[in-house]
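What the coordinates show
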Amino acid sequence: MGRQAIDYSVYLVTGREFLPPGKDYYESLEESLQGGVTLVQVREKNADTGEFIEIARKTKEICDRYNVPVLINDRIDVHLAVGTAGIHIGQTDCPLPLARTLIGDDAIIGLSVSNVEQATRAAQHSDILDYIGVGAVWPTGSKDTKGRKSLGPDGTGEILDLIHGSGLEAVAIGGIHLPNLAQLLHGSVAPKSRDALAGIAIISDIVASTTPKEAAANLRLVVDSFKRSRQALKDEAGVFGGLGQKRAEVDAKKLAEKVQELMAVVKRETPLVHQMTNTVVVNDSANVTLAVGASPIMSTHPRDVHDLSPAIGALLINFGTIGDKEGMKVAGRQANVNRKPLIFDPVAIGATSYRREISEELLAHWQPTIIKGNAAEIGAMAKSTEVASRGVDSVGSGFADPGAVVKALARKRAAIIVLTGEKDYISDGSVVIKISNGSHLLERITGSGCQAGSLIGCFAAAARLDYLAKNETKFEDDSQLVQGDMLLAAVAGILVYTVASEVAAARPDVKGPGTFRAALIDELYNLTPDVVAEKAKLEIL
Ligand SMILES: Cc1ncc(COP(=O)(O)OP(=O)(O)O)c(N)n1
Ligand SMILES: Cc1ncsc1CCOP(=O)(O)O
């Protein structure tokens, strides 16, 4: 007969103890099936055998009407008694080979995996196993996971790389809810193989809802659109960022034209750019934002940033003086929820272990759209030892192959990576763009990198607004965490800043860093798209 094909997209794990007061289990189950649940696991931790069999039998009866397969948690006897599609077992339940012998070749077996060792062992048993449940991704109130570190999206991605080629499917479980779902799906794409999750396993987001049909439908929408976007990427291998053209057809001239268009969008839309930045640069960052035509708001309090999120065009998180970690967590999470571009500037992350810890904590909370840093910062993010850090600066001759570093990190973090320096390198994990503009005086003023981050925020906000204006019918498309061409936005932010710095440095009234600083703001204000196109030194590597 052979094992039946399973759609793991939205996998409901039942839990009668989490139902809202007065909600009947079978009623909730049926509503969640109507919402689009694709697989059900009956998980009964306290029922005795007779009760478990009865619940499983009735669950299967309802699921059969929706053509949705049922698996049984832990109990092979219940599976055999009811004739479900298979079982899900944990690391300390029935040993896998024995489970396969007992249930036969035609039934599905899923195994829980919570670390890389377990994932490696699972891959070795791929002949008798169908899928793994990877988790907990985040802390959850539905299972005691004390003493176990949550995997986060990137830990989940590492596990996907470990099972690559084994034929096993993977679903993520633990603390998954609508607001963090897009972050999980995009952030867990495996850094090496680019494999993705087959689906998500959910208890409370569906079971504890008073409207499980709606809860399941919302989750399903995000998973389906993520899968569609992956398919589109496969079909159009080599598509260049969001420019909508094959990579080979896009040259530096075309890219510069796109930057020109985006400059006009910033001026037209005057997007609000929320900046949680450091006390050294806050005034200059607000001024460069105003100079290009956007509008800055520099706020850090957790309550304030929560309310601001729906109104802003983009969020910049620059943890230079590490003031408001809680505010940064809330603001970043809200940016993901509201699907606004989030630019992360991990200032001096290479300098102290405390900064590395904070960065990990923040990245477990939200998914950045663009990460910007100098060589030492990007080196620390990439766990490279090629470039050392001295305070906020990099020391040494830089990376041997900067393009390869940004490309690999973009894949690992599922974000656009911007490496600033004498030459700037930007990658989305597919292409690398090199920008050779910029005045040496940028190194003589404080916060030039931070200001570049602010401008990336301005252009990211504009790119999103431009996309939404041109794609009204796709407004509900959830295939991307953030809509709009974020690669182009990063290029625009860096190009505009570095070209303006060249124009400012060439002015006869600029005598040194002090006059340069003021002239730079003026030249950002006066910069025309024509000057940018004329001076742009862009290469697509
Ligand atoms: C899909 C999925 N993944 C993981 C689990 C957890 O299983 P286990 O570790 O056996 O813990 P219990 O669920 O038995 O408490 C799961 N049930 N489903
Ligand atoms: C059973 C299980 N295994 C790992 S986390 C978890 C609970 C998932 O529940 P929720 O979706 O409510 O976080």
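Here the structure is a predicted model, which is why all the values come from computation and not from measurement.

Some words on the packing of helix α5 (residues 116–124) against helix α6 (residues 152–162)
For the pair α5 and α6, interaxial distance at closest approach is 9 Å and the crossing angle is 25°. What the angle tells us is that α5 and α6 run roughly parallel. Taken as a pair, α5 and α6 cross one another with a handedness that is right-handed. Contact with α5, carried on its side by Val116, Ala119, Thr120 and Ala123, involves Glu158, Ile159 and Leu162 of α6 and no other residues of that element. Tallied by class, the residues present in the contact of α5 with α6 amount to 5 nonpolar, 1 polar and 1 charged.

Things to note about the site of ligand 2
Taken together, 15 residues form the shell around ligand 2, and within it Thr140, Ser142, Gly174, Ile203 and Ser204 come nearest. The residue inventory of the shell around ligand 2, partitioned by class, reads 6 nonpolar, 7 polar and 2 charged.

A word on helix α13 (residues 325–337)
Here α13 spans 18 Å end to end across 13 residues, near enough to the 18 Å set by a 1.5 Å rise per residue. Those residues of α13 that sit buried are Met328, Val330, Ala331, Gly332, Arg333, Gln334, Ala335 and Asn336. Arg339 sits one or two residues past α13 and shows a positive phi near 55°.

Here we look at the pairing of strand β3 (residues 70–73)
Side chains Val70 and Ile72 project from β3 onto one buried face, and the interleaved Leu71 and Asn73 project onto a second face that is buried too. Across 3 bridges, the pairing between strand β2 (residues 39–42) and β3 is parallel. What sits directly across from Val42, in β3, is Ile72. Running through helix α2 (residues 49–65), the crossover from β2 to the neighbouring parallel element β3 is right-handed. Where β3 meets strand β4 (residues 86–89), 3 bridges bridge the pair, whose relative direction is parallel. Note on β4: the bridge partner recorded for Asn73 is His88.

Structural notes on the site of ligand 1
In the vicinity of ligand 1 there are 17 residues, among which Gly90, Ser112, Gly133, Ile173 and Ala201 approach most closely. For the shell around ligand 1, the elements supplying multiple residues, two or more each, are β1 (10–13), β5 (108–113), β6 (131–135) and β7 (169–173). Taken together, the residues of the shell around ligand 1 sort by class into 5 nonpolar, 8 polar and 4 charged.

Observations concerning the nonpolar core
Grouped together as the largest cluster of nonpolar side chains are 165 residues, with contacts concentrated most on Val171 and Ile200. Here the element with the most residues in this core is helix α18 (residues 486–505); it accounts for 15 residues. For Ile200, the contacting residues outside a window of four places in its chain are Val10, Tyr11, Val171, Ala172, Ile176, Leu181, Leu219 and Val223.

Observations regarding the sheet that holds β3
Judged by pairing direction, the barrel is parallel, and its 8 strands sit side by side in the order β1-β2-β3-β4-β5-β6-β7-β8 before closing back on the first. Taken over all neighbouring pairs, the strand axes of this sheet differ in orientation by 25° on average, direction set aside. In this fold α6 packs onto β5, β6 and β7, with an angle of close to 165° to the strand it touches most, β7.

Describing the sheet that holds strand β12 (residues 342–345)
Taken in spatial order, the 9 strands make up an open sheet running β10-β9-β11-β12-β13-β16-β17-β18-β19, and their pairing is mixed. This sheet does not close on itself; its edge strands, each paired only once, are β10 (295–297) and β19 (538–540). Sheet twist, expressed as the mean angle between neighbouring strand axes with direction ignored, is 20°. Sheet topology places strand β16 (residues 416–419) next to strand β17 (residues 424–427); 3 bridges connect them, and they run antiparallel. In the sheet register, Val418 faces β17, and the bridge partner there is Ile426. Sheet contacts for helix α17 (residues 448–470): β9 (272–276), β11 (314–318), β12, β13 (370–373) and β16; angle to β11, the most-contacted strand, approximately 160°.

Conventions used here
Residues numbered from 1 in each chain as written. Chains lettered and ligands numbered in written order. Predicted model: local features only at pLDDT ≥ 70, side-chain atom pairs only at ≥ 80, totals over all residues. Axes fitted to C-alpha atoms, helices over the stretch in contact; angles between N-to-C directions. Helix = DSSP H or I, 4+ residues; strand = E, 2+ residues; numbered from the N terminus. Parallel < 35°, antiparallel > 145°, perpendicular 65-115°, else oblique. Left-handed = near helix turned anticlockwise from the far one by under 90°. Contact = placed C-beta atoms within 7 Å. Nonpolar A, V, L, I, M, F, W, Y, C, P; charged D, E, K, R; others polar. Near = placed C-beta within 6 Å. Expected span 1.5 Å × (residues − 1). Buried ≥ 20, exposed ≤ 12 C-beta atoms within 10 Å, placed from the backbone. Pairing = 2+ DSSP bridges. Right-handed = clockwise from strand over helix to strand, strands pointing away. Core = buried A, V, L, I, M, F, W, Y, C linked by C-beta atoms within 7 Å.

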